[in-house]
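# Structural characterization, general
Listed below are the residues making up each chain.
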Amino acid sequence: MIALVVGAVVGVLIGVLLPYDIPISFVKYTAIAILAALDAIFGGWRAQLEQKFVLYKFISSFFTNAALAALLAYLGDILGVDIYIGAVVAFSIR
């Protein structure tokens, strides 16, 4: 539990002390990736509450979901289809 709190505090401090501006052309992809990562975090939290949590499964779903969500939003952009709106709705409902 302490490692969790320390990790969160360190992450917030790094974010505040080393600000980074995301280029406007990548904002949609970043937002979708963050939403997918949050979905994985809440899924891991639920699995922990149900005593079914597996660390390697959580880590792989965290990075895979974020990368695939950003990739799908990018491909949708190339094709001229706003796929990211569907992703926002799907992740928000879950």
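Everything in this summary refers to the structure shown in the same document. Numbers given to residues run from 1 along each chain, matching the order in which its sequence is written. Predicted model: local features are reported for residues with pLDDT of at least 70 only, side-chain atom pairs are reported and counted for 80 or more only, and whole-chain, interface and lining totals are derived from all residues. Derived side-chain values reflect all non-hydrogen atoms in the structure, with water molecules and hydrogen atoms excluded from consideration.

## Some points on the environment of L38
Strands here are runs of E lasting at least two residues and helices are runs of H or I lasting at least four, both read from the DSSP assignment and numbered beginning at the N terminus. Within the secondary structure, L38 is located in helix α2 (residues 27-49). For L38, a relative accessible area of 38% gives the class partly exposed. Once the C-alpha coordinates of L38 and P23 are considered, the two residues, 15 residues apart in sequence, prove to be 21 Å apart. Each residue gets one of three labels from its accessible area relative to the maximum for its type: buried under 20%, exposed over 50%, partly exposed in between, using a 1.4 Å probe on protein chains only.

## Observations concerning helix α3 (residues 55-79)
Multiplying 1.5 Å by the helix residue count minus one yields the expected span of that helix. Between its first and last C-alpha atoms α3 spans 36 Å; for 25 residues at 1.5 Å apiece the expected length is 36 Å, and the two agree. Two residues or fewer after α3 comes G80, characterised by a positive phi angle close to 85°.

## Describing the packing of α2 against α3
To get an axis, fit a line to the C-alpha atoms, keeping to the stretch in contact for a helix; angles then go from 0 to 180 degrees between the N-to-C directions. Close contact between α2 and α3 brings their axes to 8 Å; oriented N to C, the two are set at 150°. Classified by the angle their axes make, α2 and α3 are roughly antiparallel. The two elements α2 and α3 meet at a crossing, and its hand is right-handed. Residue-level contacts link K28, Y29, I32, A33, A36, A37, D39, A40, I41 and G44 of α2 to F58, S61, F62, N65, A66, A69, A70, A73, Y74 and D77 of α3. Side-chain classes are defined by residue name, with Ala, Val, Leu, Ile, Met, Phe, Trp, Tyr, Cys and Pro counting as nonpolar, Asp, Glu, Lys and Arg as charged, and the others, Gly among them, as polar. By residue class, the composition of the contact of α2 with α3 is 14 nonpolar, three polar and three charged. For classification purposes, angles smaller than 35 degrees are called roughly parallel, those larger than 145 roughly antiparallel, those between 65 and 115 roughly perpendicular, and all remaining angles oblique. Take the far helix as the reference: if the near one is turned anticlockwise from it by less than a right angle, the crossing is left-handed, and if turned clockwise, right-handed. Whether two residues are in contact is decided by their heavy atoms, any of which lying within 4.5 Å being enough.

## A short note on the packing of aromatic side chains
Whether two aromatic rings pair depends on their centres lying within 6.5 Å, for rings of Phe, Tyr and Trp, where Trp uses its six-membered ring; planes under 30 degrees apart make the pair stacked, over 60 edge-to-face, and the rest tilted. Under the counting rule described, the total for this entry stands at six aromatic pairs. With a centroid separation of 6.0 Å and 40° between ring planes, the pair formed by F58 and F62 is classed as tilted. Of this pair, F58 and F62 both sit in helix α3, four residues apart, which is roughly one turn of the helix. In this structure F58 comes out as partly exposed when scored by relative accessible area, which is 22%. When the ring of F62 is compared with that of F63, the centres are 5.0 Å apart and the planes differ by 90°; the resulting orientation is edge-to-face. Ring pairing ties together the aromatic residues F53, F58, F62 and F63, which thus form one cluster.

## So, the environment of I85
Secondary-structure assignment places I85 in helix α4 (residues 83-93). The spacing of I85 and A73 is twelve residues in sequence and 8.8 Å in space, taken between C-alpha atoms.

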